[in-house]
Amino acid sequence: MESGASLQKGSSDGYSSEAAAGSQEQPLVSVSAVLPAGGTGERMGGGTPKQFCRILGRPLISYTVQALERISWISHIIVVVSIENVEIMKSIVKQYGHKRTIIAEGGTSRHRSIFSGLKMFVKNSLIQKPEVVIIHDAVRPFVEKDIIFKVVMAAKEYGAAGAIRPLVSTVIASSPDGCLDHSLDRAKYRASEMPQAFLFDIIHQAYHQCNDYDLDYGTECLHLALKYSKTNAKLIEGPPDLWKVTYKQDLYAAESLIKEIISQQVCVITDMNENAVQTGFLLHETLKSHVKLVKSLSLILCKDSNHLQNILLGQCYNFICISDILSNFQETQQLVKILEKTNASVLSSIVLISVHMDDLENAAFSSEMHSFVELAKEVKKKNIFLYGLIIHYQQDNLKLQETAETAATLITALIRDRNPAFVGQLLVA
C-alpha cells in the first residue's frame, strides 16, 4: 500500500494528470479520502438509500469506491455510513474486494459524518494522517483521476480546492407573494461539485471550530474552510460527468453510462488456420470503428492467467474468442475457466462471445451446441455472459467487408446491452 505519490504540475493546462514518480520538482504528498454515505434517500422515493441501490446488480457506492481505489496514490478511503448500515457496508467491502476501504460510523448530518471520517485519521493508529484529504460524494461514481489530481494539487498549494461546473439554469428569487423578485446573472456564478480536497489540518481545524448550526444544516465544505480557517479555496473547472445520483431516474442514466464505459474495450483472442485468417483479421479491424480500444491476444497468452488478470485490471470486461472450427468449443471452455479464477465478474458482468468462422460450403450446426448452451447457463450464475456467433464466409466472397461489418455490429450490440436473456444463443452473421 502506498502512503503517497509524487504529483507534479504541468506546463500546458496548469496541472498534469499523471503522477511523476521520483520527480524532484514536487515533494511526496500523502493523500486519502472521505466518502460521506449516510444519506437516507428521501429524494429517491424508495426504501433503499441511493448509495446502496443496485446498478447492474452491484451497489452504487461500490462503483464510487472502485473509482478511487483505481488511483494508486490514494492510501485510504474512509466510507462513513449510518450505524444501521455499517453491516451492509462491511458486506459490500468484503464481497467486492475493496482493499483500501475503512468504514466509520456517521453522525446525524452530512457535516457530522464528514467530521467522523476525519477523526478516523487521528484516532486510528493503523492509518496515517494524510497531508491532503479528498472529500467526495458516495453517489458520484464517475469521477476520474484527472479532476481528482487537479483538486489535490490545488489544495496542496492553496489549502483547499473544489470542482465547479457552469450553471445550467438561471437562478431566480421569489417575493413573499410567490412572484418573481429578481434573477441572478448566470455567468457570474458556478455550481459547486465534488470532489473537493483540503490540507488535512485546515479542514480538521475548521470542523473542530464549527458551531452546531453549521454542523447540522451546512452543506458546503469549502465554506467551512473559509469561515473557520480563513482559507480561500481554489476553484477548478470540472468535466460534465461529475453529476450525482439523486433521483430514481438518475439510476437508469447511471446504468446506461456504466454500460457505455465498460463496452469501450474488447479483447480479441484468435485460434484460426490460414483459411479463415482473412475474415478474422477483417473483423478485428472493423471492430476498431465500433469501440475505442481493441486488444489482441493469442490463445497461448490467454492461457497465462496472470496476463489475463492484467487485462481485467485494465477494465476490459469483453472477450471475443475466434475459432474456425464450429464443433470445437474447447478454447471457449478454457477461457471461461480462466475468467472464473480471476473473480473479476464480481465487479462487473463479463461478456464472452464465441465466434466461429465457417465456410459456407461446409456449414452445419454442431452437435456440440447442447454443451455450449449448458455451459452458458452455468457460467451465467457467475456473472459471465456467454454468447455464440457464426460467421459464414467463402474465400471468393466479395462481400467480406459487409460480413465483417454485420458481425461487428452484432458483437457491439451484445457487449453494450449485456442482456442475460440472449445468453447461450447462437447468432449468425
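Residues numbered from 1 in each chain as written. Predicted model: local features only at pLDDT ≥ 70, side-chain atom pairs only at ≥ 80, totals over all residues. Heavy atoms only, no water.

- You'll find the chain entered in an unreviewed UniProt entry as D-ribitol-5-phosphate cytidylyltransferase, with Eublepharis macularius given as the organism.
- The annotation that UniProt attaches to the chain under Subcellular location (unreviewed entry) is "Cytoplasm, Cytosol".
- In the Pathway (unreviewed entry) part of its UniProt record, the chain is described as follows: "Protein modification; protein glycosylation." (UniProt positions renumbered as here; feature names shortened; annotations may be inferred.)

1. Let's talk about the packing of aromatic side chains
So, point 1. By the definition in use, this model includes 5 aromatic pairs.
So, point 2. Ring geometry for F115 against Y207: centres 5.6 Å apart, planes inclined by 20°, an arrangement best described as stacked. A residue pair is termed long-range when its members are at least 10 positions apart, and F115 in helix α3 (residues 110-123) and Y207 in helix α5 (residues 200-209) qualify at 92 residues.
So, point 3. Owing to a relative accessible area of 10%, F115 belongs among the buried residues under this scheme.
So, point 4. Across from the ring centre of Y63, 4.1 Å away, lies the NZ or CZ of R58, which sits over that ring. (Phe/Tyr/Trp six-rings, centres within 6.5 Å; stacked < 30°, edge-to-face > 60°. Helix = DSSP H or I, 4+ residues; strand = E, 2+ residues; numbered from the N terminus. Buried < 20%, exposed > 50% of the residue type's maximum accessible area, 1.4 Å probe, protein only. Lys NZ or Arg CZ within 6 Å of the ring centre and 35° of its normal.)

2. A word on the nonpolar core
So, point 1. Formed by 46 residues in total, the largest nonpolar core has its most connected members in L283, I353 and V355.
So, point 2. Those elements that provide at least two residues to this core are β14 (265-271), α9 (274-287), β16 (318-323), α12 (330-342), β17 (350-359), α13 (369-380), β18 (384-393) and α14 (400-417).
So, point 3. Sort the elements by how many residues they give to this core and β18 lands first, with 7 residues.
So, point 4. Beyond its immediate sequence surroundings of up to four residues, V355 is in contact with L283, I320, C321, I322, S323, L389, I391 and I411.
So, point 5. Counting 38 residues, the second-largest nonpolar core is a separate cluster that includes L35, V65, Y96 and V151. (Core = buried A, V, L, I, M, F, W, Y, C linked by side-chain atoms within 4.5 Å. Contact = heavy atoms within 4.5 Å.)

3. A look at the packing of α3 against α5
Working note: a packed helix pair is described by the angle between its axes plus the distance between those axes.
So, point 1. It is the contact of α3 with α5, at a shortest axis distance of 10 Å, that shows an interaxial angle of 125°. Accordingly, the angle class assigned to the pair α3 and α5 is oblique. Crossing of α3 over α5 shows left-handed handedness. Residue-level contacts link H111, I114, F115, L118, F121 and V122 of α3 to F200, I203, H204, Y207 and H208 of α5.
So, point 2. Looking at side-chain class alone, the contact of α3 with α5 contains 8 nonpolar, 3 polar and no charged residues. (Axes fitted to C-alpha atoms, helices over the stretch in contact; angles between N-to-C directions. Parallel < 35°, antiparallel > 145°, perpendicular 65-115°, else oblique. Left-handed = near helix turned anticlockwise from the far one by under 90°. Nonpolar A, V, L, I, M, F, W, Y, C, P; charged D, E, K, R; others polar.)

4. Quick word on the pattern of salt bridges
Side chains that differ in sign of charge can pair as their charged atoms come close.
So, point 1. Enumeration over the complete set of coordinates arrives at 14 salt bridges.
So, point 2. Of the charged contacts in the structure, one is a salt bridge between K227 and D214, with a shortest N-O distance of 2.9 Å. Remark: D214 occurs in helix α6 (residues 212-217) and K227 occurs in helix α7 (residues 221-229); sequence separation between them is 13 residues.
So, point 3. Salt bridges linked by common partners bring R110, D137, R140 and E193 together as one network. (Salt bridge = Lys/Arg side-chain N within 4 Å of Asp/Glu carboxyl O.)

5. Description of the pairing of strand β11 (residues 180-183)
So, point 1. Bridge count for strand β10 (residues 172-174) against β11 is 3 bridges, and the pairing is antiparallel. Bridge pairing links A173 to H182 in β11.
So, point 2. In textbook terms, the turn of a hairpin is the stretch between consecutive antiparallel strands, and for β10 and β11 this stretch comprises 5 residues, one of which, G178, has a positive phi near 85°. (Pairing = 2+ DSSP bridges.)

6. Re the sheet that holds strand β9 (residues 160-166)
So, point 1. Strand order in the open sheet formed by 7 strands is β7-β6-β3-β8-β12-β9-β13, and the pairing between neighbours is mixed. Of all the strands in the sheet, just β7 (101-105) and β13 (234-237) have a single pairing partner and so form its edges. Ignoring strand direction, the axes of neighbouring strands in this sheet form an average angle of 25°.
So, point 2. As paired elements, β9 and strand β12 (residues 190-199) share 6 bridges and run antiparallel to each other. Looking across to β12, one finds that P166 is bridged to R190.
So, point 3. Running over the sheet, helix α2 (residues 86-95) touches β6 (74-81) and β7 and is turned about 175° from β7.
So, point 4. Here α5 sits on the sheet and contacts β8 (132-135) and β12; the angle it forms with β12, its principal contact strand, is near 110°.

7. Points about the environment of L427
So, point 1. The residue L427 is located in strand β19 (residues 426-428) in this model.
So, point 2. Given a relative accessible area of 29%, L427 falls into the partly exposed group.
So, point 3. Remark: the alpha-carbon pair of L427 and L410, spanning 17 residues in sequence, is separated by 8.4 Å.
So, point 4. Not counting chain neighbours up to four residues away, the residues in contact with L427 comprise G388, L389, I390, L410 and L414.

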